[in-house]
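# Notes for the structure review
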Amino acid sequence: MADFGEILRNIGEFGTFQKLLICAVSFPNILFSFELACVLFIQSDPDRHCNTDWILKADANLTLQEQLNLTIPLEQDGSFSRCRMFAPVDWDIGAIREHGLNETTVCQNGWEYERSLYTATIITDFDLVCDRAHLPQVAQSVIMLGVLLGALLFGPFAEAVGRKRAAQISMVVVLMFTVASALSPNYWLFLLSEFLMGVGSGGFRLNGIILATEWIGVSKRSWGACITQLCSATGHAILAGLVYLVRDWRLTQLITAALLAVVCVYIWFLPESARWLLDRGRTEEAKELLLKVAAVNKGRFPDSHLEKIPVKETEKKSGFFILFQSSVLRRYFFTVVFVWFSLNVAYYCISFNVGNFGLDVFMTQLFFGLTEMPAQLLCMWLLEALGRRISFISTLLVGGLLSVLMLVFSHGNPIAGTTLATFGRFTFIWAASICNVYLQELFPTSCRQTAFGLGTIICRSGSLIAPLVNILATYHWSIPMATFSSLILISGGLSFLLPETRGIELPDSADEVENNRNKKTTKKECESNTDIKSKVCVRKPASLHASSSPPKVK
């Protein structure tokens, strides 16, 4: 039997084909960042007052200041009330001036908003203020809930029908409900559209990363996850400029939809994962695809490899059963997903608080995006230079330290708060990229998509509850920071339980994980299995060693 890693080394581990594929599945991540514009770039408490145009029937020549003086009560600090007004009366203007109005009520005809920062936001369009002021946080959670459900649905779906088809369907879902979101006439239809848009987004992110990674050899395997995250960081930086120029959330959504339509065209030409085809017993399709990839990469695919690829029976067990039957896989899974969950809580607690650090909201968002970009570039290099385990432990412990410093120094100091939050996000996104890599390298092809899907569900629940954790700041400003700081520090301790996976072929079965990942590779074994071109130790499955023919004696 020909090892798939050996086939990739012959046809090209990271040639023209892989580069084009990564670009194709990574570009949508730039656009997915734009989807968050409607819930990130908002004024949580915009300047406003009740609409009291009813008094203009008594005197149409009133100035705005006179209208406010007659119809809006004052707060204790002398400012006009934002949530209450004097009850309308059927008097003439002389009687109103002489006797004044005393009975107050909630705003009955909407609000008048100050629009110097934004032309339109979901708050001003749907009046999410006063007794509805909590609804923007609900919208943030609903989007994350959609992403979570998308991973739940499209993970097992991809195991059954393939990575390619799952990515295509999820992208169409994203496009449809991005348009629906922009055209929503009320908050509840907007909420439903955002939820379904999140479902599609979660499905594509999941399958895009897996599809790219399964086509890349060991020497550049971490690039699949890191470049995808790099595009997401680029999107966050571009988002600041886009919203600064547009200032209207509906127009931003429509611009995003137009770009997503381009993705929906080329997404139908993506190839399927050859690893998945082989795992499902569709050997002839895999052979044809490998020959095409070899032609694109100008590599060679000898006839001897075609003969060595066996016709494999489809695995009877479900990916879920395989994942939890093995004690080793269970330990790896729960360790990685707890860390990823903690990172999502911390990352989104900071991200959804972008407007409350005391500096310009556009500059803060730009800094957030720009600092994530070098984090991904460093991650790509250090994962291959230092390995997964050391990089993981160090980023988590540094991130935990920065979280503690944020708790100590950021309150009342906008410069310190923004700086610590920026570098905290730097380490969180770096560690999250390693989680992406680990979830693909620790688990076999037979349950890789299931592990990644379930892991995404659990980790995304962290982003789901992040807005709710931020609400705890109403009791004390330090509670959200103390919460995610503790989670990151615990994660740093748990990361010592994970093995090193740098330079090791992706396993195709649970037996390979059990037999090979738990034992150390000796120096002699490593030297015998080192790929000369990539200079990495390639540990081959035990079944291949056992079946290999003995060396000929000259």
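Here the structure is a predicted model, which means the values were calculated and not measured.

The rules we used
- Residues numbered from 1 in each chain as written.
- Predicted model: local features only at pLDDT ≥ 70, side-chain atom pairs only at ≥ 80, totals over all residues.
- Heavy atoms only, no water.
- Helix = DSSP H or I, 4+ residues; strand = E, 2+ residues; numbered from the N terminus.
- Buried < 20%, exposed > 50% of the residue type's maximum accessible area, 1.4 Å probe, protein only.
- Contact = heavy atoms within 4.5 Å.
- Areas by Shrake-Rupley, 256 points an atom, 1.4 Å probe, with all protein chains shown as cover.
- Axes fitted to C-alpha atoms, helices over the stretch in contact; angles between N-to-C directions.
- Parallel < 35°, antiparallel > 145°, perpendicular 65-115°, else oblique.
- Left-handed = near helix turned anticlockwise from the far one by under 90°.
- Nonpolar A, V, L, I, M, F, W, Y, C, P; charged D, E, K, R; others polar.
- Phe/Tyr/Trp six-rings, centres within 6.5 Å; stacked < 30°, edge-to-face > 60°.
- Disulfide = S-S within 2.5 Å.
- pLDDT = per-residue confidence, 0-100.
- Salt bridge = Lys/Arg side-chain N within 4 Å of Asp/Glu carboxyl O.
- Core = buried A, V, L, I, M, F, W, Y, C linked by side-chain atoms within 4.5 Å.
- Expected span 1.5 Å × (residues − 1).
- Bend = angle between axes of the 7 residues up to and from the residue.

## Focus: the overall build of the protein chain
Counting secondary structure elements, the protein chain contains 24 helices and six strands. Sorting the 554 residues of the protein chain into buried and exposed places 58% on the buried side. Here the contacts in the protein chain between residues at least 6 apart in sequence split such that 79% fall between residues at least 24 apart. With an accessible surface of roughly 23500 Å², the protein chain has 63% of that area assigned to carbon and sulfur atoms.

## Remarks on the packing of helix H9 (residues 187-213) against helix H20 (residues 448-471)
Running from N to C, H9 and H20 point in directions that differ by 140°, and their axes come no closer than 10 Å. Between H9 and H20, the angle falls in the class oblique. Relative to H20, H9 is oriented so that their crossing is right-handed. Residues Arg205, Leu206, Asn207, Ile209 and Ile210 of H9 pack against Arg448, Gln449, Phe452, Gly453, Thr456 and Arg460 of H20. Of the residues that constitute the contact of H9 with H20, the class distribution is four nonpolar, four polar and three charged.

## What about the packing of aromatic side chains?
In this description, a pair of aromatic rings is defined by centroid distance and the angle of the planes. Applying the stated criterion across every chain yields a total of 14 aromatic pairs. On the numbers, 6.0 Å between centres and 90° between planes, the contact of Phe154 with Phe157 is edge-to-face. Note that Phe154 and Phe157 are positioned in helix H7 (residues 135-161) at a spacing of three residues, about one turn of the helix. Owing to a relative accessible area of 9%, Phe154 belongs among the buried residues under this scheme. Its relative accessible area of 30% is what places Phe157 among the partly exposed residues. An angle of 65° between the planes, with centres 5.5 Å apart, marks the rings of Phe392 and Tyr438 as edge-to-face. Here the residue Phe392 occupies a position in helix H18 (residues 388-409), and Tyr438 occupies one in helix H19 (residues 414-441), the gap between them amounting to 46 residues.

## Concerning the state of the cysteines
All chains considered together, the criterion is met by two disulfides. There is a disulfide in this structure between Cys83 and Cys130, and the S-S distance comes to 2.0 Å. Torsion about the S-S bond of the Cys83 and Cys130 cystine: about -95°, corresponding to left-handed handedness. With Cys83 in the loop between helix H4 (64-71) and strand E2 (84-86) and Cys130 in the loop between helix H6 (122-126) and H7, this residue pair connects regions lying 47 residues apart in the sequence.

## A short note on H4
Every buried residue belonging to H4 is among Gln67, Leu68, Leu70 and Thr71, and all of these are buried. Where H4 is buried, its residues contact strand E1 (48-50), E2 and helix H5 (93-99).

## Concerning the confidence of the model for the protein chain
Summing up the model confidence of the protein chain, the mean pLDDT is 80 and the portion of residues at 70 or higher is 86%. Confidence drops under a pLDDT of 50 for residues 517-554, and excluding neighbours within four residues, the segment shows 57 contacts in the predicted structure.

## Some thoughts on the environment of Gln325
Following the sequence through the fold, Gln325 ends up in helix H15 (residues 319-325). With 185 residues separating them along the chain, Gln325 and Ala510 place their C-alpha atoms 9.2 Å apart.

## Concerning unusual backbone geometry
Here the phi dihedral of Asp127 falls at roughly 55°; this positive angle occurs in a residue that is not glycine. Following the sequence through the fold, Asp127 ends up in the loop between H6 and H7. Of note in this structure, Arg247 is not a glycine but carries a positive phi near 65°. Its place among the elements puts Arg247 in the loop between helix H10 (222-246) and helix H11 (249-266).

## So, the pattern of salt bridges
For side chains bearing opposite charge, pairing can occur when the charged atoms are close. Inspection of every chain in the model, using the stated rule, returns seven salt bridges. With a shortest N-O distance of 3.4 Å, Glu384 and Arg388 are connected by a salt bridge. On the basis of relative accessible area, Glu384 is assigned to the buried category, the value being 19%. Measuring nitrogen to oxygen at the nearest pair gives 2.6 Å for the salt bridge that ties Glu441 to Arg388. Of the two residues, Glu441 is situated in helix H19 and Arg388 in helix H18; the sequence distance between them amounts to 53 residues.

## Side note on the nonpolar core
Among the nonpolar cores identified, the biggest contains 149 residues, and Ile122, Trp215, Leu343, Phe392 and Phe443 are the most heavily contacted of them. Setting aside chain neighbours within four positions, we find Trp215 in contact with Leu8, Glu13, Phe17, Gln18, Leu21, Pro271, Glu272, Ser273, Ala274, Leu289, Leu290 and Val293.

## Observations regarding the side chain of Ser181
Along the chain, Ser181 turns up in helix H8 (residues 163-182). Not counting the four nearest positions on each side in its chain, Ser181 is found in contact with Phe190, Ser193, Glu194, Trp249, Arg250 and Gln253.

## A closer look at the side chain of Ser273
If you trace the backbone, Ser273 turns up in the loop between H11 and helix H12 (274-279). Residue classification places Ser273 among the buried residues on the basis of a relative accessible area of 0%. Discounting residues that sit within four places of it in the chain, Ser273 has contacts with Arg163, Leu211, Glu214 and Trp215.

## Points about H10
With 25 residues, H10 ought to run about 36 Å at 1.5 Å a step, and its terminal C-alpha atoms sit 36 Å apart, in line with that. At Ile238, H10 shows its strongest bend, of approximately 25°. Counting buried residues along H10, 19 of its 25 residues qualify, which places the element largely inside the surrounding structure. Where H10 ends, the next residue or the one after it, Arg247, has phi of about 65°, a positive value.

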